[in-house]
Amino acid sequence: MPIDFGPDKWTRIRENYRRWWAGELDRPLINITVSGRNPGRPEPKLPRHFVLPNYGPEISAEQIVDRWDYDLSCQKYYGDAFPYIWTNFGPGVIAEFLGARAEATDRTVWFHPPELREIADIHFTHHPHTPCLDRLRDLMAVAVKRWAGRVQVSMTDLGGNLDILSTFRPSEQLLLDLYDHPREVKRLTWEAHELWFRYFEELNAILQPVNPGYTGWTPIFSAEPCYMLQCDFCYMISPEMFDEFVKPELVAACKRLANSFYHLDGPGQLRHLDSLLAIKELKGVQWIPGNAHPDMRHWPEVYRKIRDAGKLIQLYSWDALDTLDVVADQLGSAKGIIVVGDAGPQQEDQVLKLVEKYGAADA
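Residues numbered from 1 in each chain as written. Predicted model: local features only at pLDDT ≥ 70, side-chain atom pairs only at ≥ 80, totals over all residues. Heavy atoms only, no water.

Undergrad: Go over unusual backbone geometry, please, and point to the residues and values.
TA: With an omega of 5°, the peptide bond running from Gln208 to Pro209 counts as cis. For Pro209, the position within the fold is in the loop between α7 (182-207) and β7 (226-229). Phi at Ala148 is positive, roughly 50°, even though this residue is not glycine. (Helix = DSSP H or I, 4+ residues; strand = E, 2+ residues; numbered from the N terminus.)

As structure tokens, then:
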């Protein structure tokens, strides 16, 4: 059996997400898939890899896309969920496009500089072809051709621009550069900014107009260009340095994207939340407390601050389908929230009750 998602469902998804982005939807978006559907076809021999560089060059793009197709056919899409594939070449893969060496593991990719240089000797220029970039283009083209708009093919994780720079100037050295070479840091940040959007547009030229819309590495659908922006490096800097070295580029990025979110990763970034929320064009915040801290149900003050600033909220629901209920109770309503997650067959009834409770069942 093919992937269980047709044109009528895509029409509903486009409209619900449009209303949510515009603040017109009075309920939350519930994007939760449930595994266990009978795909009606044999499982491919090719194993499933979360990190795509773990497929060697001898594995064709067609084989990988067929594996994806099988996995998507095993899913049920409830509420505001839809079939999507994230082309995962690691966080901040633009570093590889710019000459860094990639080291893949089972769960992520680490990027290393080809050589250590003084910051004044580093210059970011466009490289039209690298093995990773060419592989990514090939995968996107094959996926778009096979699915013809039935599956959302997501943008790869291009990364945050100061994070990309920290590949070439490892973090301790880059921290010193903020004091010793601030003009060079800003020069490279803006060089990375321009190249980020150049690659973003080049890759979207492959995906559009066949792709249903736009998504980053997290499946928040948008009919217009969108992305989950980030700067993990800012975990280590003060609010004053954030405002000087990070925020101007983020503001510019938000102005170039119709719908932008920020990946607020860990308590060390909370010191920057007020500054982020002051960015008029930023539409929402994805708060990730981290495994060493209380889960998402224990941060009502963070969600209130985001809500009071008029921003949207994304929740991940990896292990607790009651996260939405708890946060909605803390805030007084679930409007402006999207919960993203997946569930096993044993949780299907719980998912169905959730989408019914919030009016997301075939809404």
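Undergrad: Which residues make up the side chain of Asn211, and what are the values?
TA: Here Asn211 lies in the loop between α7 and β7. In this structure Asn211 comes out as buried when scored by relative accessible area, which is 4%. Not counting chain neighbours up to four residues away, the residues in contact with Asn211 comprise Val151, Gln152 and Val153. (Buried < 20%, exposed > 50% of the residue type's maximum accessible area, 1.4 Å probe, protein only. Contact = heavy atoms within 4.5 Å.)

Undergrad: Would you mind going over the pattern of salt bridges in detail, with residue names and values included?
TA: Summed over the entire model, instances satisfying the criterion amount to 25 salt bridges. Taking the shortest distance from any N to any O, the salt bridge between Glu202 and Arg137 comes out at 3.5 Å. Here Glu202, found in helix α7, pairs with Arg137, found in helix α4 (residues 131-147); they are 65 residues apart in sequence, far enough to count as distant. Linked by salt bridges that have partners in common, Arg41, Asp66, Asp69 and Arg146 make up one network. (Salt bridge = Lys/Arg side-chain N within 4 Å of Asp/Glu carboxyl O.)

Undergrad: Describe the state of the cysteines, with residues and values.
TA: When the sulfur atoms of two cysteines share a covalent bond, that bond is a disulfide. What the rule picks out here adds up to 0 disulfides. Free cysteine Cys231: the closest other cysteine sulfur is in Cys234, separated by 4.4 Å. Judged by its relative accessible area of 0%, Cys234 falls in the buried class. (Disulfide = S-S within 2.5 Å.)

Undergrad: Describe the packing of α4 against α7, with residues and values.
TA: At a closest axis distance of 8 Å, the pairing of α4 and α7 adopts a crossing angle of 30°. Judged by the angle between their axes, α4 and α7 are roughly parallel. Contact residues: α4 offers Leu133, Leu136, Arg137, Met140, Ala141 and Val144, while α7 offers Tyr199, Glu202, Leu203, Ile206 and Leu207. For the contact of α4 with α7, the residue count by class is 9 nonpolar, no polar and 2 charged. (Axes fitted to C-alpha atoms, helices over the stretch in contact; angles between N-to-C directions. Parallel < 35°, antiparallel > 145°, perpendicular 65-115°, else oblique. Nonpolar A, V, L, I, M, F, W, Y, C, P; charged D, E, K, R; others polar.)

Undergrad: Requested: an account of α4, with residues and values cited.
TA: For α4, with 17 residues, the first-to-last C-alpha span of 24 Å sits near the 24 Å given by 1.5 Å per residue. Looking only at α4, the buried set comprises Cys132, Leu133, Arg135, Leu136, Arg137, Leu139, Met140, Val142, Ala143, Val144 and Trp147. For α4, the elements touching its buried residues are α2 (61-73), β3 (84-86), α3 (94-97), β6 (152-154) and α7. Ala148 occupies a position one or two residues after α4 and carries a positive phi of about 50°. (Expected span 1.5 Å × (residues − 1).)

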